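What follows is the residue order along each chain.
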Amino acid sequence: MSLSPGTLVSLPAKYNVDDACPGLVPRVYMNDQLNDCVIAARAHQTVRLDYNSGPTLIPDISDTEVSNEYHAEAGAFDVGIVVSHSLARWQTQGWLAGGVQRYIGDFSGPLSLNGTGALAGDATTDLTLAGLQTCVVEHTGVQIELKLPVGITFDNKNSFGPGNDWTDTNKRTSLRHVILLTGYDQAGFIGITWGAQQRMTWAFLTTYCIGVYWVTKNSVA
């Protein structure tokens, strides 16, 4: 597992992976029926990694493939998935997506946005604002794990998606949730979750994000 890359010398003022992915339609990937946000985020990133690698057929990842991987990792008792364990499995065992067994070459995380790495004696695991932006650009997005504020749920359509930016930093936390960050601009960061584009501020992230993970695509799969 690698450590975070350095900051790019010249970051673009704004960036979004999806700007280079015409026709990409956000999907829920079963996250409305299963507690599978880790695998849903993986599916979102798998598609974008394929787009980013050049002329290729984008995988049509089926709900069955997402469900199968979730149940394989969560186990018979559906105890949930630890992000770092899931990424390690993606690297060593791969997963069937779009009819093809797909792997990542490497991954890193959890990285911190609130300085907890330095407090624990390892500042190399801390990311600055520019560091997170760099990771998004260099790694075709990054997966983040959040302790969501109370009230943000799939069942509450007014708590996420366009027009419902995540900005409030004063609420107590509720469930853990993993999403893919795809970009940023002057207002904050842009992600994808529950089939919708989601905007959030840097302050929101430093308050509620408990881990950042980047991956690199395997060169042959």
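Presented here is a report on the structure given in the accompanying data block. Treat the numbers as computed from the prediction; the structure is a model and nothing was measured.

### Regarding the pattern of salt bridges
All chains considered together, the criterion is met by 11 salt bridges. Between D18 and R48 there is a salt bridge; the shortest N-O distance is 2.7 Å. Of this pair, D18 sits in the loop between β1 (15-16) and α1 (37-52) while R48 sits in helix α1, and the two are 30 residues apart along the sequence. When its relative accessible area of 23% is taken as the criterion, D18 is described as partly exposed. Between E69 and R42 there is a salt bridge, with the nearest N and O atoms lying 3.5 Å from each other.

### Regarding helix α2 (residues 63-74)
Between its first and last C-alpha atoms α2 spans 16 Å; for 12 residues at 1.5 Å apiece the expected length is 16 Å, and the two agree. Within the sequence span of α2, burial applies to E65, V66, S67, E69, Y70, E73 and A74. The inward-facing, buried residues of α2 abut α1, α3 (83-92) and β2 (95-97).

### Focus: the packing of aromatic side chains
The description of two aromatic rings rests on the distance between their centres and on the angle between their planes. Scanning all chains against the criterion turns up 8 aromatic pairs. Every member of this aromatic cluster is reached through a ring pair, and the members are Y15, Y184, F189 and W202. Seen from the ring of W95, R42 lies directly overhead, with NZ or CZ sitting 5.4 Å from the centre. The ring of F154 carries the charged tip of K157 above its face, separated from the ring centre by 3.4 Å.

### Some remarks on the environment of R199
Counting through the fold element by element, R199 comes out in strand β8 (residues 196-200). Under the relative-accessibility criterion, R199 is labelled partly exposed at 30%. With 34 residues separating them in the primary sequence, R199 and D165 have C-alpha atoms 5.0 Å apart. Once residues lying within four places of it in the same chain are set aside, the contact partners of R199 are D165, W166, D185, F189 and I190. At 2.6 Å, the side chain of R199 forms a polar contact with the side chain of D185.

Definitions and limits used
Residues numbered from 1 in each chain as written. Predicted model: local features only at pLDDT ≥ 70, side-chain atom pairs only at ≥ 80, totals over all residues. Heavy atoms only, no water. Salt bridge = Lys/Arg side-chain N within 4 Å of Asp/Glu carboxyl O. Helix = DSSP H or I, 4+ residues; strand = E, 2+ residues; numbered from the N terminus. Buried < 20%, exposed > 50% of the residue type's maximum accessible area, 1.4 Å probe, protein only. Expected span 1.5 Å × (residues − 1). Contact = heavy atoms within 4.5 Å. Phe/Tyr/Trp six-rings, centres within 6.5 Å; stacked < 30°, edge-to-face > 60°. Lys NZ or Arg CZ within 6 Å of the ring centre and 35° of its normal. Polar contact = N/O pair within 3.5 Å; in protein donor to acceptor, adjacent residues only side chain to side chain.

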